[in-house]
Amino acid sequence: MTNLEDALDEIDVLAAAEATDAAPAKSALDDKINEHFAGAVVRKDLVKAVRGNAVVPSYVLEYLLGQYAASDDEATIQAGIDSVRQILATHYVNRNEHMLVKSEIRRKGRHRVIDKVTVTLNEKNDVHEAEFENLQIKGVIIDDVTVKQNPKLLVGGVWCICDIEYFHSDDQRVVPWILDKLKPIQVAGVDIDQFYDARKAFTTEEWIDLLMQSIGLNPEQFNERGKLIALTRLIPFVERNYNVVELGPKGTGKSHTFSEFSPNGILISGGEVTVAKLFVNNASGRIGLVGYWDCVAFDEFAANRRTDQNLVNVMKNYLANKSFSRGTSIYGAEASMAFIGNTTHTVPYMLKNSDLFDELPDAYRDPAWLDRIHHYIPGWEVAPIRSEMFSAGYGFVVDYLAEILRAKRSEDFSDKYKDHFTLDSSISTRDQDGIRKTFSGLMKLVHPTGEATEDEIRALLEFAIEGRKRVKDSILRIDATMRDTPVHFRYADKAGVWHDVATLEESQYPQLYRRDWDAMPDGEGGSGEATPSATEPAPAAAASAASSAAAPDLAAEPAASILAEGHRDFTAGQKGVSYETLLLPYLRGASKITITDPYIRMPHQGRNLADLLSLLAAAKDDADEIDTVLVTTEEPKAEFKQRQLLMLKDIKDASDAAGVRLAVRLDDTIHDRRIETNHGWRIDLGKGLDIWQRSSDNPFDFGRNRQEFRLIGSAFTVHYVKIPVVGPGEAE
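Residues numbered from 1 in each chain as written. Predicted model: local features only at pLDDT ≥ 70, side-chain atom pairs only at ≥ 80, totals over all residues. Heavy atoms only, no water.

Participant: Got a sec to walk through the overall build of the protein? Specific residues and values, please.
Facilitator: When its secondary structure is counted, the protein shows 27 helices and 25 strands. Taking all 732 residues of the protein together, 50% fall into the buried category. For the protein, the proportion of contacts with a sequence separation of at least 24, taken over those separated by at least 6, is 74%. Counting only carbon and sulfur atoms, one obtains 49% of the accessible surface of the protein, whose full area is about 33,700 Å². (Helix = DSSP H or I, 4+ residues; strand = E, 2+ residues; numbered from the N terminus. Buried < 20%, exposed > 50% of the residue type's maximum accessible area, 1.4 Å probe, protein only. Contact = heavy atoms within 4.5 Å. Areas by Shrake-Rupley, 256 points an atom, 1.4 Å probe, with all protein chains shown as cover.)

Put into structure tokens, the structure is as follows:
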């Protein structure tokens, strides 16, 4: 038996979507981009066209495309693609072909390579030595001038174009590799004034779309809020000492921006962090990552359960004061920090049982550490990445934009809202710092000249307030001592009218979000049932509550008398049968459900499964979760296998997001079709979930959306059987 994740690892998930030879049609915005930023932009789909099997960041490929294909002329683009492909084929070092490249260098005596280079100081010999990651050679002498010009070589490594020579010596201590020339892959410089002048030619909406295309995303697939969330990931590159957290489901592109976007940022695994690597090595006195990079991002941060309390303490001081002390010395640095992690629970579940930092390791759920976070990006609002979400339009060569953002790190736009708005005096200094830094970063991105209308400033300010409020409200759940001083996250306009700001989840789940702390025993702030506070819900929250009240009460328990053992027979051509009446009464109330059906392969079979899971999601309480296991067989035909696995992945993503956590297991030995629950029922399905005839071609056929209007395909029988209840912790 294999699980879905292992099966997906064997295929290229995006292969089907990426195969295209036709050039995308240019939009009016694309023409405008090329007119004002000629030579600094590139068509974003070209990265996929030239990548091949080169495992390099996108900024490396875009650097090459910027040299050869920064044009809107199709002939020039095609010639540039061919040139870049030839360069990669000739000079990029595949890790599994390193011996072949070494032999080529030896044969020719000199060869140019594209590889990631890291430098260390050999104290014994008092020389700097370079190590080539893919070429797998080390101990190569590199001159001090080159190291001084490129200090990042010493911390984390840099992608470079290098000329390497080979000279063999009888002295075994001498490395035969000689570094003749090294050139980091990065833009030499940018004209910031030309950038400002060109910005004036774009409306705010056009500029945001240009930025979205620059980070590889199709703006047509995102609403205004989704675009702001995506751009917030760029703030650490444009704002000094900015601390941001993003927690959300898998596959939403959280780490993409930090790993692919900029040569000025580094993405590391949360488990690979040490005080010496991040801050300073006491033994050597060498500064760590924060001294060399604009942004240090921690991937899979929530999954790292092994934490060093000393690291937490040093980081806590750095996040607050931009400095850290080791030994007798105090150091300062400007690196921003981004903490990225996956959530395994839905938002209402976290609001009911814990807080929005529920997934973080215990050592980092320290209120003092969390209070240093300037903004919490709601990763659960970001849809899983799909092929159509990638941009095929024109955007900045990411290296060019990265240098623009670096140049603007020295500017401060945090006061730009003060001519129009005033923050409430109850907002603490630390809360104001978080709001102001987020606002400043967004202003630099969207309005780099600092000029914006009152409404444009209002939109960015409200988004910044919301992100900090999300941090503070979660801290209040964790630490009762911080509830003594009420905080009103609101602002006043020039007319003196106050505007309250609420997080989206506060509006969606007011009964779970707001808590009456006085009604809760001490120490229960982080768990248990939420009770509405005396505060009146915001209009959006009231509308949400009204909408919920008007919806059918699917969660109401049916009368126990209808749940009886027995069987039901169905005949071909019969109508009026739905999962809601056939299955849901026996599944309601279960916290774990196992569905066994060997035939979930075709699109209509996947639709049936999704229909059942959506019923479960609608019937449960918002704050509850159901663990569901699908046991099915893998499509034996290779040409259909990928379609099946991708379909199951899409169903899993949708189901997980709704609080019905789906695990898919592939077992080619199963034959029975049944559903089992942990609260005492087994439903034997004669035909499995696929019980209806194929729907008609009429797009308005009622049967497409309502199962009751579909015709039963062939006769079958369903048996309802009482089984022993599975207790907590028991094996499946």
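Picking up where we left off.
Participant: Requested: an account of the packing of helix α10 (residues 204-214) against helix α11 (residues 224-232), with residues and values cited.
Facilitator: Their axes nearest at 10 Å, the elements α10 and α11 cross at an angle of 55°. In terms of axis orientation, α10 runs oblique to α11. Where α10 crosses over α11, the handedness of that crossing is left-handed. Of α11, the residues touching α10 (which contributes Ile208, Asp209, Leu211 and Met212) are Lys227, Ala230 and Leu231. A class-by-class count of the residues in the contact of α10 with α11 yields 5 nonpolar, no polar and 2 charged. (Axes fitted to C-alpha atoms, helices over the stretch in contact; angles between N-to-C directions. Parallel < 35°, antiparallel > 145°, perpendicular 65-115°, else oblique. Left-handed = near helix turned anticlockwise from the far one by under 90°. Nonpolar A, V, L, I, M, F, W, Y, C, P; charged D, E, K, R; others polar.)

Participant: Which residues make up the packing of helix α3 (residues 28-36) against α10, and what are the values?
Facilitator: Two numbers describe how α3 lies on α10: the axes approach to 11 Å, and their chain directions differ by 85°. Between α3 and α10, the angle falls in the class roughly perpendicular. The segment α3 lies against α10, with Leu29, Asp30, Lys32 and Ile33 engaging Glu206, Asp209, Leu210 and Gln213. Its residues assigned to classes, the contact of α3 with α10 comprises 3 nonpolar, 1 polar and 4 charged.

Participant: Which residues make up the sheet that holds strand β6 (residues 158-166), and what values go with them?
Facilitator: If you trace the 5 strands from one edge of the open sheet to the other, you get β5-β4-β3-β6-β7, paired in antiparallel fashion. Two strands close off the open sheet at either side, each with one partner strand: β5 (137-142) and β7 (177-184). Across the sheet, the mean angle separating the axes of adjacent strands is 50° when strand polarity is ignored. Where strand β3 (residues 110-122) and strand β4 (residues 127-132) come together, 6 bridges link them in antiparallel fashion. Pairing of Val119 across the sheet is with Ala130, part of β4. (Pairing = 2+ DSSP bridges.)

Participant: Explain the pairing of β5 residue by residue, including any values.
Facilitator: In terms of strand pairing, β4 meets β5 through 4 bridges, oriented antiparallel. Considered in β5, the bridge of Phe132 is made with Ile137. What sits between the antiparallel neighbours β4 and β5 is a turn of 4 residues, in which Gln136 has the positive phi angle 60°.

Participant: Tell me about the sheet that holds strand β17 (residues 490-492), and please be specific about residues and values.
Facilitator: In spatial order, the strands read β16-β17-β18; together these 3 strands make up an open sheet with antiparallel pairing. Strands with a single pairing partner mark the edges of an open sheet, and in this sheet they are β16 (422-423) and β18 (498-500). Looking at chain direction, β16 and β17 are connected through 2 bridges and run antiparallel. Within the sheet, the bridge partner assigned to Thr422 lies in β17 and is Ala492. Packing of helix α20 (residues 454-478) onto the sheet brings it into contact with β16, β17 and β18, and relative to β17 it is tilted by some 150°.

Participant: Which residues make up the environment of Glu205, and what values do they have?
Facilitator: Of note, Glu205 is situated in helix α10. By relative accessible area, which is 53% here, Glu205 ends up exposed. In sequence terms Glu205 and Glu224 are 19 residues apart; their C-alpha atoms lie 8.9 Å from each other.

Participant: Help me get a handle on the pattern of salt bridges, residues and values and all.
Facilitator: Tallied over the entire structure, the rule returns 50 salt bridges. Between Arg110 and Asp180 there is a salt bridge, and its shortest N-O distance comes to 2.7 Å. You can see Arg110 sitting in strand β3 and its partner Asp180 sitting in strand β7, a full 70 residues away along the chain. Accessibility expressed as a relative area gives 42% for Asp180, which makes it partly exposed. (Salt bridge = Lys/Arg side-chain N within 4 Å of Asp/Glu carboxyl O.)

Participant: Hey, could you go over the state of the cysteines for me, with residue numbers and the actual values?
Facilitator: Going through the model one piece at a time under the given rule, you end up with 0 disulfides. With no disulfide of its own, Cys162 lies closest to Cys160 among cysteine sulfurs, the gap being 4.9 Å. (Disulfide = S-S within 2.5 Å.)

Participant: Mind laying out the confidence of the model for the protein, listing which residues take part and the relevant values?
Facilitator: Residue-level pLDDT values for the protein average 87, and 90% of them are 70 or greater. Segment residues 13-21 is flagged for pLDDT under 50; beyond a separation of four residues in sequence, or across chains, it makes 6 contacts in the model. Low confidence marks residues 521-561, where pLDDT is under 50. Its contacts with residues over four positions away, or in another chain, come to 56 contacts. (pLDDT = per-residue confidence, 0-100.)

Participant: Got a sec to walk through helix α6 (residues 74-91)? Specific residues and values, please.
Facilitator: Taking 1.5 Å of rise per residue, the 18 residues of α6 would be expected to cover 26 Å, and the 25 Å separating its terminal C-alpha atoms lies within 8% of that figure. For α6, the set of buried residues is Ile77, Gly80, Ile81, Val84, Ile87 and Leu88. Taken around the axis of α6, the buried residues stretch over an arc of 130°, which confines them to a single face. Turned more than 90 degrees from where α6 packs its buried face, Ala75, Gln86 and Ala89 sit exposed. Where α6 is buried, its residues meet β2 (41-43), α4 (46-51), α5 (58-68), β3 and β15 (394-396). (Expected span 1.5 Å × (residues − 1). Arc of directions from axis to C-beta.)

Participant: Give a description of the packing of aromatic side chains that names residues and reports values.
Facilitator: Counted by the stated rule, this structure contains 33 aromatic pairs. For the ring pair Trp207 and Phe396, a centre distance of 5.9 Å and an interplane angle of 65° mean the geometry is edge-to-face. With Trp207 in helix α10 and Phe396 in strand β15, this pair connects stretches of sequence that are 189 residues apart. On the accessibility criterion, Trp207 (0% relative accessible area) is buried. Residue Phe396 is classed as buried on the basis of its relative accessible area, which comes to 0%. Seen in terms of ring centroids, Phe279 and Phe324 are 4.9 Å apart; in terms of plane orientation they differ by 55°. Their pairing is tilted. One end of the pair, Phe279, is in the loop between α14 (275-278) and β10 (295-299); the other, Phe324, is in strand β11 (residues 323-326), with 45 residues separating them in the sequence. The buried category is assigned to Phe279, whose relative accessible area is 0%. (Phe/Tyr/Trp six-rings, centres within 6.5 Å; stacked < 30°, edge-to-face > 60°.)

Participant: A description of helix α27 (residues 638-657) should follow, citing residues and the corresponding values.
Facilitator: Compared with the 28 Å implied by 1.5 Å per residue over 20 residues, the 29 Å span of α27 between its first and last C-alpha is a close match. Burial in α27 covers these residues: Gln644, Leu645, Leu646, Met647, Leu648, Ile651, Lys652 and Ser655. Looking one or two residues past α27, Gly659 carries a phi angle of roughly 90°, positive in sign.

Participant: Summarise the side chain of Lys44; cite the residues concerned and give the values.
Facilitator: With respect to the element layout, Lys44 can be found in the loop between β2 and α4. A relative accessible area of 6% means that Lys44 is categorised as buried. For Lys44, the side chain forms a polar contact with the side chain of Glu62, separated by 2.8 Å. In contact with Lys44, not counting residues within four places along its chain, are Glu62, Gln213, Ser214, Ser391, Gly393, Gly395, Phe396 and Val398. (Polar contact = N/O pair within 3.5 Å; in protein donor to acceptor, adjacent residues only side chain to side chain.)

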